[in-house]
Amino acid sequence: RAAAMSVSHSSRLNKLVREQYVRLPQDGLVQVTYVWIDGSGEGVRCKSRTLDKEPKSIEDVPEWNFDGSSTAQAEGSNSDMFLVPVRMFRDPFCLDPNKLVLCEVLKYNRKPAETNLRHTCKKIMDLVKDSHPWFGMEQEYTLLGINGHPYGWPDNGFPGPQGPYYCGVGADKVYGRDIVESHYKACLYAGVKICGTNAEVMPSQWEFQVGPCEGIEMGDHLWMARFILHRVCEDFGVVATLDPKPMTGNWNGAGCHTNYSTEEMRREGGLKHIEAAIEKLSKRHHYHICVYDPRGGRDNSRRLTGHHETSNIFEFSAGVANRGASIRIPRQVGQDGYGYFEDRRPAANCDPYAVTEAIMRTTVLNETGVETKDYADH
């Protein structure tokens, strides 16, 4: 009974009844769900409309609008915000031919909303496109019951110490695998570039990986994977939190490790380019920490303690196969002499647009210090 009470009421509705309606023909009409990032910079919102034919490309999806005063993005007296479609996916919830569409948010004057970090990221990615930056991001998250307690944990206590849970198998070691596998399948169906998943070190904590993606595609695919995760969890009646340290004490936090390479790093002899990039990152640690979570580093300060497989937030470090470093060079890359490296500092609730933009500004555009350069006039 206690376990049943930790899931939402709506998850207990009869899902077989819903299936009857999902299968009904649509007579050529298409349901399009618009997805956007809200004023928190972390939450996603969505709403749907009917189009009279299936859109074949993003250009076929019209702009729309929403009430920004209800998403912490506008004043009530001037609340209309524009939804500008930027990337389209198949809809794993309503099925073909229906679509999920990721959107940028513009204000009434068509300037980007404060939490629309895609806008400048796209400009930077266009500037550096000749370096062909590839990214892969490892999204850690924790499943919570509707009561805010980690799903599957004892109501009035804690599970056994960390050790048996990472990549674990068995009912006493992993909680919520149904959710994880449903999310994986839904992402594959949607066309999200999900490339793997595993149980993490803390019980009821999981990770999925998205990539390799080039340029702006990284942020687009990770945000849609997050939307699908929240939507799948809704069906199961639990909550996925991206809090970087959901449980205080001797429990691992949650990050969004970011794997990165340019074309020259991936070629024979690329290790010297990897080392040069790490050297640039070492001189701009504070700037990166400030953009690697939505609160200027305050969220990450709870996670980057130097313990639980993290580096210390106040120090930059790098090493081969070192999970306690800011930057890890995989052992295989060290042996091969080319490949990629992993920035382990981004928090689970980071904005991937901010993270990937910052990496490009520092390693390719050679920016230094805490200020960013405006390339609009160049």
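The rules behind the values
Per chain, residue numbering runs from 1 following the sequence as it is written. Residues qualify for local features only when their pLDDT is at least 70, as the model is predicted, and side-chain atom pairs are given and counted only at 80 or more; totals for whole chains, interfaces and linings, by contrast, use all residues. The side-chain figures draw on all heavy atoms in the structure; neither hydrogens nor water molecules are used. Going along the chain from the N terminus, every DSSP run of H or I of four or more residues is numbered as a helix, and every run of E of two or more is numbered as a strand. Throughout, exposure labels follow a simple rule: accessible area from a 1.4 Å probe, protein chains only, divided by the maximum for the residue type, with under 20% read as buried, over 50% as exposed, and the rest as partly exposed. Two residues qualify as a contact provided that any one of their heavy atoms is within 4.5 Å of a heavy atom in the partner residue. Each accessible area is a Shrake-Rupley result for a 1.4 Å probe, and residues are judged covered by the shown protein chains and nothing else. His is not counted, nor are the chain ends, whereas Lys and Arg count as positive and Asp and Glu as negative. Taken as the charge location is NZ of Lys, CZ of Arg, CG of Asp or CD of Glu. Stacked, tilted and edge-to-face are the three classes applied to pairs of Phe, Tyr and Trp rings, where Trp contributes its six-membered ring and a pair requires centres within 6.5 Å; stacked means planes under 30 degrees apart, edge-to-face means over 60, and tilted covers the rest. For a lysine, the NZ atom is tested; for an arginine, the CZ atom; a charge sits over a ring if that atom is within 6 Å of the ring centre and within 35 degrees of the ring normal. Grouping buried Ala, Val, Leu, Ile, Met, Phe, Trp, Tyr and Cys residues that are joined through side-chain atoms within 4.5 Å yields what is termed a nonpolar core. Domain delimitation in this document rests on an assignment produced automatically or drawn from a domain database. A strand pair is defined by DSSP finding two or more bridges across the two strands. Only C-alpha atoms enter the line fits that serve as axes; for helices the fit covers just the stretch in contact. Angles between N-to-C directions range over 0 to 180 degrees.

**Digging into the overall build of the chain**
Then, in step 1: Along its length, the chain carries 10 helices and 13 strands.
Then, in step 2: Oriented by its inertia axes, the alpha-carbon framework of the chain measures out at about 60 × 55 × 40 Å.
Then, in step 3: The buried share among the 378 residues of the chain stands at 51%.
Then, in step 4: By sequence separation, contacts in the chain at least 24 residues apart represent 67% of the contacts at least 6 residues apart.
Then, in step 5: On the chain, roughly 17,600 Å² of surface is accessible, and the fraction owed to carbon and sulfur atoms is 51%.
Then, in step 6: Computing the positive centroid from 44 side-chain charges and the negative centroid from 50, the chain places the two 1 Å apart.

**With respect to the packing of aromatic side chains**
Then, in step 1: For the structure shown, the criterion picks out 8 aromatic pairs.
Then, in step 2: Centre to centre, the rings of Phe135 and Tyr260 are 5.4 Å apart; their planes meet at 20°, and the pair counts as stacked. A residue pair is termed long-range when its members are at least 10 positions apart, and Phe135 in strand β6 (residues 134–144) and Tyr260 in strand β10 (residues 256–261) qualify at 125 residues. Of the two residues examined, Phe135 and Tyr260, each falls in the buried class.
Then, in step 3: Ring plane angle 90° and centroid distance 5.4 Å describe the contact between Tyr260 and Phe341, whose orientation is recorded as edge-to-face. In this pair, Tyr260 sits in strand β10 while Phe341 sits in strand β13 (residues 341–343), placing the two residues 81 residues apart along the sequence.
Then, in step 4: The class of Tyr260 is buried, set by a relative accessible area of 1%.
Then, in step 5: The ring of Trp64 is capped by Arg49, whose NZ or CZ atom sits 4.8 Å from the centre of that ring.
Then, in step 6: Over the ring of Trp223 we find Arg226, and its NZ or CZ is 4.7 Å from the ring centre.

**So, the nonpolar core**
Then, in step 1: By size, the foremost hydrophobic cluster in this structure holds 66 residues, and its most contacted members are Tyr141, Met224, Ile228 and Phe341.
Then, in step 2: Broken down by element, the residue count for this core peaks at 10 residues, all from helix α4 (residues 217–236).
Then, in step 3: In this structure, this core is formed jointly by two domains, domain 1 (9–115) and domain 2 (125–364), each of which donates at least three residues.
Then, in step 4: Ignoring anything within four residues of it in the chain, the contact list for Ile228 reads Pro92, Phe93, Leu100, His183, Ala186, Cys187, Ala190 and Val192.
Then, in step 5: The next biggest cluster of nonpolar side chains, apart from the first, holds 14 residues, and it includes Val30, Trp36, Leu83 and Cys103.

**Concerning the sheet that holds strand β5 (residues 99–106)**
The strands making up a sheet associate through hydrogen bonds between their backbones, and the pairing can be parallel or antiparallel.
Then, in step 1: Strand order in the open sheet formed by 5 strands is β2-β1-β5-β4-β3, with mixed pairing between adjacent strands. The outermost strands of the open sheet, each flanked by one partner alone, are β2 (44–51) and β3 (64–67). In this sheet, neighbouring strand axes are inclined to one another by 40° on average, regardless of whether the strands run parallel or antiparallel.
Then, in step 2: Judged from the 4 bridges that link them, strand β1 (residues 30–37) and β5 form a sheet pairing that is parallel. Each residue of the ladder has a partner; that of Thr33, found in β5, is Leu100.
Then, in step 3: Contacts between α4 and the sheet are confined to β1, β2, β4 (80–90) and β5, with β5 contributing the most and set at about 115° to the helix.

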